[in-house]
Structures are given as structure tokens and as C-alpha cells.
Amino acid sequence: MAYLSIENVSKTFPGDGQEVQVVTPLTLNIAQGQIVTFLGPSGCGKTTVMRMVGGLETPTAGQITLDGALLRGPDRRRGMVFQSYAAFPWLTVAGNIRLGLKYRPDLPPQDHDAAVAQLIDLVGLNGFDDSYTNRISGGMRQRVAIARTLAADPDVLLMDEPFGALDALTREHLQNKLLDINRAAAKTTIFVTHDVEEAILLAHRLIVFSARPARLLEDIDVTAHLGTDQREQTLRDAPAFLDLRRHVQGIIRAEHARAEQDGAHGI
Amino acid sequence: MFGFRTSLPRRTELALGLAGLLLFLGLWHTASVSGWVKQQFLPTPFAVVEAFGRLFTERNFAGDILISVGRVWLAFFLSVIIAVPLGLLMSCYRALGALIEPFIDFVRYLPVPAMVPLLIIWFGVGEASKIAVLWMGTFFQLILLISDDTKRVPAEYIESGFTLGANQWQVIRDIVFPAALPNMVDNLRITLGWCWTYLIIAEIVAASSGVGHVIWSLRRFVKTPEVMAGIVAIGIIGLLTDQAFRWAHRRRFRYLER
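What you see is a predicted model, and the numbers here were worked out from it, not measured in a lab. (Residues numbered from 1 in each chain as written. Chains lettered and ligands numbered in written order. Predicted model: local features only at pLDDT ≥ 70, side-chain atom pairs only at ≥ 80, totals over all residues.)

Undergrad: Quick question: what am I supposed to make of the overall build of chain A here?
TA: Helix and strand content of chain A: eight helices and 10 strands. With the principal axes as the frame, chain A shows a C-alpha extent of 55 × 45 × 40 Å. Across chain A, every contact between residues at least 6 apart in sequence was considered, and the portion connecting residues at least 24 apart equals 69%. (Helix = DSSP H or I, 4+ residues; strand = E, 2+ residues; numbered from the N terminus. Contact = placed C-beta atoms within 7 Å.)

Undergrad: Before we go on, may I ask you to explain the nonpolar core in this structure?
TA: Within soluble globular proteins, side chains that are nonpolar generally end up buried alongside one another. Membership of the largest hydrophobic core comes to 115 residues, with the highest contact counts inside it found for Ile97(A), Ala147(A), Ile200(A), Leu206(A), Leu134(B) and Cys195(B). A total of 14 residues in this core trace back to one element, the largest contributor, which is helix α8 (residues 168-205) of chain B. Excluding anything up to four places from it in sequence, Leu206(A) contacts Thr37(A), Leu39(A), Ala199(A), Ile200(A), Ile220(A) and Val222(A). Grouped together as the second largest cluster of nonpolar side chains are 13 residues, Val211(B), Val214(B), Ile215(B) and Met228(B) included. (Core = buried A, V, L, I, M, F, W, Y, C linked by C-beta atoms within 7 Å. Buried ≥ 20, exposed ≤ 12 C-beta atoms within 10 Å, placed from the backbone.)

Undergrad: For this particular structure, what's the right way to read the sheet that holds strand β4 (residues 61-66) of chain A?
TA: What links the strands of a sheet is backbone hydrogen bonding, and the strands pair in either a parallel or an antiparallel sense. Residues and elements named next belong to chain A. With antiparallel pairing, four strands are arranged side by side in an open sheet as β2-β1-β4-β5. Across the chains shown, the open sheet's two edge strands, defined by having one partner strand only, are β2 (19-30) and β5 (69-70). Relative to β4, strand β1 (residues 4-14) is paired through five bridges, and the arrangement is antiparallel. Counterpart to Ser10 in the pairing with β4 is Ala61. (Pairing = 2+ DSSP bridges.)

Undergrad: Even after reading the chapter, I still don't get the packing of helix α2 (residues 45-58) of chain B against helix α10 (residues 224-252) of chain B, so can you show me in this structure?
TA: The relative placement of two packed helices comes down to the angle between their axes together with the axis-to-axis distance. Residues and elements named next belong to chain B. The contact between α2 and α10 brings their axes to 8 Å, and the two run at 80°. In terms of orientation, α2 lies roughly perpendicular with respect to α10. Each of Ala47, Val48, Glu50, Ala51, Phe52, Arg54 and Leu55 in α2 lies in contact with α10, whose residues at this interface are Pro225, Glu226, Met228, Ala229, Gly230 and Val232. Counted by class, the contact of α2 with α10 contains nine nonpolar, one polar and three charged residues. (Axes fitted to C-alpha atoms, helices over the stretch in contact; angles between N-to-C directions. Parallel < 35°, antiparallel > 145°, perpendicular 65-115°, else oblique. Nonpolar A, V, L, I, M, F, W, Y, C, P; charged D, E, K, R; others polar.)

Undergrad: Please explain the interface of chain A and chain B as it appears in this structure.
TA: How big an interface is tends to be reported as the loss of accessible area on association of its parts. The interface is formed by 22 residues belonging to chain A together with 15 residues belonging to chain B. For the side of chain A that touches chain B, the secondary structure elements donating two or more residues are β6 (78-81) and α2 (93-102) of chain A. Of the residues forming the side of chain A that touches chain B, the biggest block, three residues, is contributed by β6(A).

What follows is the structure, encoded as C-alpha cells:
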């Protein structure tokens, strides 16, 4: 039984004169607790799919259901982490995380302090509680945004290239951190990226998208290839991981060649 | 000291600022005492300072200043309490923006001095017409500035709010307003400065009190030093208010410093 269900969803945006199709009818069923990564070339429409799940875009056709209920508009059930650092500069680290707790009817206010402390610990920002977010690094700011999203306790976690703007070292550190967090929180997650390694490393399941308009190219059960929960830094050098990476890179390369031959999309 | 785009030590900055001021005063004094310009038209800086003192001792200038400051702040307050919420809502709800923006753009281009006769017909020559002139001069500018400040709040901030479970009112209160606040306060500071321009116009046309009235009535007796002292007083009040605003801005929005 699918927990999060995307049924025949497509999206067209009004362009100048003619409509631009961004997502061709897509059907995807995601199980509860599954971490799914969306991989595809920049501007292919994978982010649009995620934004539709988040209720930030309305599907042109089709429907999205969560636990059997039709989704319409954004709410607390689907938390989102953006590529740009959306930590609020007028709030401290603790203040940002506290805002994530503010709209939860299920958590009494007297429990907020403890929850904030726990989340700060989870993302490893101990000692930075009272720092304003423009005095900390980009990687730390993104951890604040992740902690704030987790504070709202969403059913589904949506992450839009959250590490895209970070340097390689910080990025690897945060990827490992996210694996820890995912192990602790076991949230259904959609993670959008254009980085092949990241897409495999973080995923239970990897969806490869075509160039625009987004079409499902391949649906890979990463867990079946790599086993469950054996995800440490060493995994990056494991033969199974390297094989899978080569395979995915092959798909992407073939897709690039096809898109270039079509030429129509100007990639 | 003459490095390209370098910063200077604080003391050097102050010394240079003071030197510039002294140079200006020196030129002015020379022009006056040398007979280059008749003293009747350009009294020396010292004469202006003396006149400044006389304004306070011989006339109740402090009272006039208080009246003028009171008018400015009352009108400014009336502008702000309407323009801030309305400007905020205008940018959050496009329908409201589309409804009132064309009208505001039209009124914004009407020269306020041209409105003075009409406002006097409507409100008489009492306080109400002066407040109305100041309000006309600031409200329609301020509302668009506030609306622009709000529009510049990043979409990610607002979308974050909704996905955290906030409703529209909570997003406005907890995210849009605090995100736009530093720029809003800057625009309030600039708009308050304009109030003084319109105040003098209002007080010259129809008033029996206030800084503008004092300057205008002394003109009739060609008391040039007093007239200049009155103008200087407005400059000093403006400078102090501006600095107070900047100081409060720095204190309240410490997080903007890197």
C-alpha cells in the first residue's frame, strides 16, 4: 500500500505564447519511511514534482495523495528544506528551530525548550543556540533549516538540493549527518539533487528523470544493490556503490546525448 | 589617506568632516566681512549664531519648535499606522494591490503644494489642514515603499512558513513583517524627512505658530540673521532625528551586522 501516491501528475507552465510542459504524466508510489532521491539534469522539472508534493505548485492534471487523503496546498504534513538558506536572519539558531515548533498543536509550549535542545544536538549545533544565522557558515545555516523543518514534525520531508551551494567537504559532512538524522527520524523523504553520488548515497530508492519535460527514466532499488543501513563513509569506495554509480552515470550520459540530438530544449 | 576605496580610521573621518565644515564657514565668513556680499543679505556666521540665541530669548522659539515637531510626528504617525498595514496587505494579496495601486500612483504625482488651497477649503486654517498637508505628502509615498519592502521578502521564507504549518495571518505576523522590518524602518526615516519639507509649506501658507511661521514673519522685517537661524534650526532637528533613527535601527537590527 502506497503511503505517498503521485497519480498521473503533469504540469505545464504558461510560457510566452505557448504552454511549456515541465512534467509529463508521472505515476509514483512511495512507501512510508522510504528515502527517495530524484536525480536529473538541472531544470528538468524534478523540483517541480517535489513542489507539487509540497503543495507549493498545483498539478495541471492528476492527483497526489498522502495516506489516502488528497493533498491540496502546503501544510505541516510536508516539510520543505530549500536550496537557498531559508534560515531567518532575524532569529537566532534556537529561535529559528523554535518557530518550527510554534504551529504544532500536539506539543505543549512547556516542552518547547527541551525539543529545541534536542534538535540542536541532533544537527550538531551545540553552543550556537544564540548565534544569529548570518554569523554562521552556509553549512551550519542549512542545518538550522533542516532542524527547523524537523521541529514541525512533518510526515514527509522534502529537500530541494539542500547541499547544492556548499563546498565538497561540508557537503560530505552534511550528507553523513543527514544519514544519521534519517536513521533516527525514519521520515519519508524526497531528496532532489543533480549529484549522482549524493543521489545513490542517501537513497533507498533512486528515480532518474529525463531532461525537460520530466519523465521517469529509471526507478532503481538502491537498497537491493547496496544492502540496508550499511551506509558509512566507506560505502563511497565499495565496489557495489561504484558499479551503481557507473550505471546511473551511463543513463544520464545517454539522456544528455538524446536531449542534445533533439536540440529543441536548448540544454 | 587617498587610497582607492579604502576605509579610514574613525578619528581621521571626524577630522575631515570637521575640516569640511570649517572650510564652508570660513568661506561664508570671508564673503560676508569682505563686503563681497552685503551683510544685509549674507550676515556672518557669528551674527546667525547670535540671532539663534535671540530667537529663544526674545521670542518663544522653543515653543514654536515644539509645535512644529508635534505636527510632524502626529501627521507621520497617522501616515504610518495606515500605510504599514495596508502596504503589507497590498503585496500579500494581489487583488488589493490591483484595486488601489493605480489610484495611489495618480495621487502620488499630485504636487502637494497644489493641494494646499483645496485642503484649506476642506479643513479650514486650523491644525487639521496642516496635518492633512503632511499626511498627503507622506502617506501615498510610504504605502508604495512599504509594499515594495514586503515584495522583496524571499519566496522561500514564506513557503517555509506555510510548510511549517503557519496560516496566512501567522506567515504575515511571524515571517513577512519581521523580514521586511529593517527596510521599512529605513523608509520611515526617509519619509519623516519629507514631512519637514511639507511642514514649512503648510506653516508659511497658513499658520500663526511653528518654525515655518517664524521664518516667514521675520522675512517681512528683513531680519536675515534670524531667518537663517530658523533654517539652521530645521537642519539641526532633522539631523538629530535622523541620527536617532539610525541609532535605533542599529540597536534593534543587530543581526544585520556580519
